[in-house]
Amino acid sequence: MSRALSSNALQYTYPGGEIPVLRGLSFEIEKGEVFGFLGPNGSGKSTTQKLLTRILTGYQGVVEVFGRDLREHDNTYYNWVGVCFEFPNLYGKLTADENLDFYRRFFDGPTEDPRDVLKRLDLPVGDTRTVGHYSKGMRMRLVLARSLLNRPRLWFLDEPTTGQDPQHAVLIRKLIRERAEAGTTIFLTTHDMTVADELCDRVAFLVDGRIVALDSPRDLKLRHARKLVRVEYRVGDEAQRRDFRLSDEREKKEFLSVVDRHPIETIHTLEPSLEDVFLKLTGRSLD
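Chemist: Looking at this structure, I do not really get unusual backbone geometry. What am I missing?
Modeler: Where the residue is not glycine, phi is negative for most of them; where a peptide bond is considered, it is trans in most cases. Phi is positive for Arg54, which is not a glycine, with a value near 65 degrees. Mapped onto the secondary structure, Arg54 falls in the loop between α1 (45–52) and β4 (60–65). Taking relative accessible area as the criterion, Arg54 reaches 23% and is therefore assigned partly exposed. One non-glycine residue, Asp208, adopts positive backbone phi at about 50 degrees. Along the polypeptide, Asp208 turns up in the loop between β9 (202–207) and β10 (210–215).

Laid out in structure tokens, this is it:
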């Protein structure tokens, strides 16, 4: 893979502020990678997104997008960048079709057929209702559809499954993976560690404007695993439960003995969840 985005010592202080919101962020994202940016409220996630989408300027450090300094990009940047923020900002008195037809005119290059994007996100085509009558989940999917109109090479997603029922959350996660496999680079911010664990090739943990960990979800979990196996079994009519350290030869033999001698009901490895790792490394929750 080749690099899509890189940040070196990115720092930002809001005008009139004295304390930096971002404090020397350095990371790289490869083309076609789903990169998770995770942290509690106030950690700097939204500020980072706004800088990378050129909503905010005046930062210190160096950011390059597809090999070019971000400061050198002009408004053609938005022809190949897609942005889907958590809070829907749509024209409530227009229909879904009218919203997408309006927004597609802002792009210089070819765009997706709005009807195809609506169908892909399970939204009605030709619906005469205005968007103001849509549910929150439908509005969020429409914002997602809008962000795909210009066939983005770099796709910024903020809480993409917010307000979705399980069926549509699965649909959105599947769409994200499909886009990544097709070569789209995805910068994903979320509070949902399950979504991050399932979708992200790598994640960065952000706390107080600093990255405190950066790796694949799998490697982060393995690095902080206790390497235990929990077995639930029966001795006669009595239920038993025991944890074994398989790295210990004595306990490994005892584990094999239990498996051989007793009816086994469940066996589970006790890897931490991604949220467990985050709490361990940061001492903070994502709320």
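Chemist: What's the story with the sheet that holds strand β13 (residues 264–269) in this structure? I'm lost.
Modeler: Strand pairing in a sheet relies on backbone hydrogen bonds. The paired strands run either parallel or antiparallel. Ordered by their spatial adjacency, three strands build an open sheet running β12-β11-β13, and the pairing between neighbours is antiparallel. The strands lining the two open edges of the sheet, one partner per strand, are β12 (238–245) and β13. For this sheet, the mean inter-axis angle between neighbouring strands, taken without regard to orientation, is 15 degrees. Looking at chain direction, strand β11 (residues 228–235) and β12 are connected through eight bridges and run antiparallel. The residue of β12 that forms the bridge with Glu232 is Arg241. Taken strand by strand, helix α8 (residues 249–261) contacts β11, β12 and β13, and its axis lies near 150 degrees from that of β12.

Chemist: How do you make sense of helix α9 (residues 274–282) when you look at a structure like this?
Modeler: Every α-helical turn comprises 3.6 residues, leaving residues that sit three or four positions apart pointing alike. Taken as a whole, α9 has its buried residues at Leu274, Val277, Phe278 and Thr282. The arc that holds every buried residue of α9, seen down its axis, measures 105 degrees, which confines them to one face. Against β3 (34–38), α6 (193–199), β9, β10 and α7 (217–223) lie the buried residues of α9. A positive backbone phi angle near 70 degrees is found at Gly283, which sits one or two residues after α9.

Chemist: Sorry, what's going on with the sheet that holds strand β1 (residues 3–12) here?
Modeler: With respect to topology, four strands assemble into an open sheet ordered β2-β1-β4-β5, the strand pairing being antiparallel. Of all the strands in the sheet, just β2 (22–30) and β5 (68–69) have a single pairing partner and so form its edges. Here β1 runs beside β2; their pairing, made up of seven bridges, is antiparallel. The residue of β2 that forms the bridge with Ser6 is Glu28. Contacts from α1 reach β1, β2 and β4, with the element oriented near 60 degrees to β2.

Chemist: Is there a simple way to explain the state of the cysteines in this structure?
Modeler: By definition, a disulfide is the covalent link that joins the sulfur atoms of two cysteine residues. Counted according to the given criterion, the structure contains zero disulfides. Here Cys84 stays free of any disulfide, with the sulfur of Cys200 as its closest cysteine sulfur at 15 Å. Since its relative accessible area comes to 1%, Cys84 is described here as buried. On the basis of relative accessibility, which here comes to 8%, the residue Cys200 falls in the buried class.

Chemist: Can you walk me through the nonpolar core in this structure?
Modeler: When a protein is soluble and globular, its nonpolar side chains tend to lie buried together. Formed by 43 residues in total, the largest nonpolar core has its most connected members in Leu121 and Phe205. Contacts of Phe205, omitting those with residues within four sequence positions, involve Leu38, Met193, Arg210, Ile211, Val212, Ala213, Leu220, Leu274, Val277, Phe278 and Leu281. Membership of the second largest hydrophobic core comes to 26 residues, among which are Leu25, Val63, Leu154 and Leu206.

Chemist: Explanation requested: the pattern of salt bridges in the structure shown.
Modeler: Side-chain pairing between opposite charges can occur once the charged atoms of the two side chains come close. Scanning the entire structure with this criterion turns up 20 salt bridges. Put simply, Glu112 and Arg151 hold a salt bridge, and the shortest N to O gap is 3.5 Å. Remark: Arg151 occurs in the loop between α4 (136–147) and β7 (154–158) and Glu112 occurs in the loop between α2 (96–104) and α3 (114–120); sequence separation between them is 39 residues. In this structure Glu112 comes out as buried when scored by relative accessible area, which is 18%. Arg151 gets classed as partly exposed once you look at its relative accessible area, which sits at 40%. Across the salt bridge formed by Arg250 and Glu254, the nearest N and O atoms sit 2.8 Å from each other. One end of the pair, Arg250, and the other, Glu254, are both in helix α8, four residues apart, so they sit about a helical turn from each other.

Chemist: Where do I start with the packing of α2 against α4 in this structure?
Modeler: Relative orientation and spacing of two packed helices are given, respectively, by the angle between their axes and the distance between those axes. Relative orientation of the contacting elements α2 and α4 amounts to 30 degrees, with a least axis distance of 10 Å. What the angle tells us is that α2 and α4 run roughly parallel. Crossing angle aside, the handedness with which α2 passes α4 is right-handed. Taking contact as the criterion, the partners of Ala96, Leu100 and Tyr103 in α2 are, on α4, Leu142, Ala145 and Arg146. In terms of residue class, the contact of α2 with α4 is built from five nonpolar, no polar and one charged.

Cut-offs applied
- Residues numbered from 1 in each chain as written.
- Predicted model: local features only at pLDDT ≥ 70, side-chain atom pairs only at ≥ 80, totals over all residues.
- Heavy atoms only, no water.
- Helix = DSSP H or I, 4+ residues; strand = E, 2+ residues; numbered from the N terminus.
- Buried < 20%, exposed > 50% of the residue type's maximum accessible area, 1.4 Å probe, protein only.
- Pairing = 2+ DSSP bridges.
- Axes fitted to C-alpha atoms, helices over the stretch in contact; angles between N-to-C directions.
- Contact = heavy atoms within 4.5 Å.
- Arc of directions from axis to C-beta.
- Disulfide = S-S within 2.5 Å.
- Core = buried A, V, L, I, M, F, W, Y, C linked by side-chain atoms within 4.5 Å.
- Salt bridge = Lys/Arg side-chain N within 4 Å of Asp/Glu carboxyl O.
- Parallel < 35°, antiparallel > 145°, perpendicular 65-115°, else oblique.
- Left-handed = near helix turned anticlockwise from the far one by under 90°.
- Nonpolar A, V, L, I, M, F, W, Y, C, P; charged D, E, K, R; others polar.

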